[in-house]
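Descriptive structure summary
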Amino acid sequence: MDNLGELLHGFSIAITLPHLALMVIGVLLGILVGVLPGLGAPNGVSLLLPLTFGMQPVSAIILLSSMYWGALFGGSVTSILFNIPGEPSSVATTFDGYPMARDGRPTTALATAFGSAAFGALIGVILITFLASWVAQVALAFGPAEYFAVYFLAFASFVGMGGAAPIKTVVALAIGFAIAAIGIDTVSGSVRLTMGVDELVKGVNFVVAVMGLFGIGELLVAVEEEFHARAVSSKIEWREVFRAIGRLPRHSVALLRSAAIGCWMGITPGGPTAASFMSYGIARRFSRRGRYFGTGEVEGIISPETADHAAGTSALLPMLSLGIPGSATAAVMMGGLMIWGLNPGPMLFVDQKDFVWGLIASMYVGNIVAVVLVLLTVPVFAALMRIPFVIIAPLIVIICVVGAYSVSNSYLDVLMMLGFGIVGYLFKKLFYPLAPLVLAIVIGDKAEDAFRQSMLMSKGSLGIFFANKLVTCLIVAGIALLLLPLVLQLARLLRKPAPSTDETTAQERTQERAQERAQETAREKVII
């Protein structure tokens, strides 16, 4: 009941004319970011972050979070109308969304996607409402060992559940740790990894890093790849919108299952992209109409969209309660909180109640605003896809350069931003995940400080990480997640049938491989 009282107080903060105006502006900017390939929610939030430095923290976080919701919805628009995912997490939506729109049902596809997304986001916000303060209260008893165990579990979650190759995730984390170590060591006071550059004593600015990784990096990829947009009709038929939303309760099992998957992947650092693919795959396996997936099936839209938005929303829970972001965008927002002088974690719920509950209340209102605005502006933002990329690309570069320079009025920041852009481009081309890199840059130094403080307290003994049940459980869970990819690989090897000389068996295996190749080719055609 205390949470409900705090939530009502949060609504009194969120529902004011200035904050409602910021929600509308943020959602519209987010839809624009989601619609235009080459941007994306992390990049959009990082580009907007320097503009919030002079704002009150509550107003700033409402603006950034509203942009986040808008970007998630905007990515669905291009996935359905153009078969071009504006967001990585919207890729799975193209599998059934575009075929449905191409078959003359764009309104049904869009309404189904937005209704499912709103349901997933609502479940995520409810989860934050009832669990955030409880998680924060538990975390108040944490010491250095407990905090390191939580950080270790977060890093291990990316390795075990991130979706990318484990070795690539480890490499991304290692690079992030190296970047986070640049500057002054907070424990000993010594200067590290500055390479003789005095300006690096203050460390690498987080905003500069994410603007380069997500802004310039995505732009280089977009310049290299050609986008051939084949748009379908973007006219909205309001009667069909209400019919499609009214049919959603028939798919309650898919909605609840996908919301659960999304919330789990949001709290653990799996992220919205992994959640959407996992939900789509599970729905295809267990649905009675699974064989029709890829041809415009309703559950093929409901599953990824619900999981995507549930994960995107619930990713803010560990960020607010523990100071550990559950997604790349949450990591960018966490960097913003630090810049505004706020420390994400359990004390945030004690010292900054207005901020926390104002943000949570704005999530409820912001998602409603996002659904309404995205339906009203679909035709407008769909038309933006026809603007030549040669016009959009220079604008993105200008915004990135101005934003990087404005952080500390340093040309070195601009050069570093361009360098991070090259790193982001290489990560994309080599299929390395960016989210672990961003996570390590944000909390790598905190994890190091917690580990070294634990070692000082225990006089160098690792036994401190097994001193009580909580720390032991967290460390064991982290180790289990680190070993999970190896266990799964061994299980796959053990399931492999032994080689047989029987000609019939060999022919059957050949036929199975041919069928699998044909199915993969068909799926690629659907994606293209």
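Basis of the calculations
Residues numbered from 1 in each chain as written. Predicted model: local features only at pLDDT ≥ 70, side-chain atom pairs only at ≥ 80, totals over all residues. Heavy atoms only, no water. Phe/Tyr/Trp six-rings, centres within 6.5 Å; stacked < 30°, edge-to-face > 60°. Buried < 20%, exposed > 50% of the residue type's maximum accessible area, 1.4 Å probe, protein only. Helix = DSSP H or I, 4+ residues; strand = E, 2+ residues; numbered from the N terminus. Contact = heavy atoms within 4.5 Å. Salt bridge = Lys/Arg side-chain N within 4 Å of Asp/Glu carboxyl O. pLDDT = per-residue confidence, 0-100. Arc of directions from axis to C-beta. Axes fitted to C-alpha atoms, helices over the stretch in contact; angles between N-to-C directions. Parallel < 35°, antiparallel > 145°, perpendicular 65-115°, else oblique. Left-handed = near helix turned anticlockwise from the far one by under 90°. Nonpolar A, V, L, I, M, F, W, Y, C, P; charged D, E, K, R; others polar.

As for the packing of aromatic side chains
Tallying each qualifying case throughout the model produces 10 aromatic pairs. Plain terms: the ring middles of Y405 and Y411 are 5.2 Å apart, the flat faces sit at 45 degrees to each other, and that makes the pair tilted. With relative accessibility at 30%, the residue Y405 sits in the partly exposed group. Look at Y411 and you get exposed, because its relative accessible area is 64%. Here a set of aromatic residues connected by ring pairs shows up, and it is made of F148, F152, F451 and F465.

Focus on the environment of A71
Tracing the chain through its elements places A71 in helix α4 (residues 57-81). Sequence spacing of A71 and L28 is 43 residues, and the spatial spacing of their C-alpha atoms is 8.6 Å.

Comments concerning the environment of P433
Relative to the helices and strands, P433 resides in the loop between α19 (411-429) and α20 (435-457). Between the C-alpha atoms of P433 and A172, which are 261 residues apart in sequence, the distance is 6.9 Å. The contacts of P433, once residues within four sequence positions are left out, are A164, K168, T169, A172 and F427.

A word on the pattern of salt bridges
Under the definition given, this model contains 3 salt bridges. Close ionic contact of D185 with R452 constitutes a salt bridge, the shortest N to O distance being 2.7 Å. Here the residue D185 occupies a position in the loop between β1 (183-184) and β2 (191-192), and R452 occupies one in helix α20, the gap between them amounting to 267 residues. Residue R452 is classed as partly exposed on the basis of its relative accessible area, which comes to 24%. One network of salt bridges, in which partners are shared, links D185, R192, E448 and R452.

A look at the confidence of the model for the protein
Averaged over all residues, the pLDDT of the protein is 78; the fraction at 70 or higher stands at 82%. For the protein, per-element mean pLDDT is lowest for helix α22 (residues 503-527), which scores 48, and highest for helix α8 (residues 166-180), which scores 91. Taken as a whole, residues 500-507 scores under 50 in pLDDT and shows 2 contacts with residues more than four places along the chain or in a different chain. A low-confidence stretch, residues 520-528 stays under pLDDT 50, and its non-local contacts, those more than four residues away or across chains, total 9 contacts.

Description of helix α10 (residues 238-246)
Looking only at α10, the buried set comprises E240, V241 and A244. Taken end-on, α10 shows its buried residues confined to a sector of 110 degrees, consistent with a single buried face. Within α10, the exposed residues directed more than 90 degrees away from the buried face are R239, F242 and G246.

A word on the packing of helix α9 (residues 206-224) against α19
Here α9 crosses α19 at 55 degrees, and the two axes come no closer than 6 Å. Classified by the angle between their axes, α9 and α19 sit oblique to one another. Judged by the twist between their axes, the crossing of α9 over α19 is right-handed. Across the interface between the two elements, V208, A209, M211, G212, L213, I216, G217, E218, L220, V221 and E224 from α9 touch D413, M416, M417, F420, G421, V423, G424, Y425, K428 and K429 from α19. Partitioning the contact of α9 with α19 into residue classes produces 12 nonpolar, 4 polar and 5 charged.

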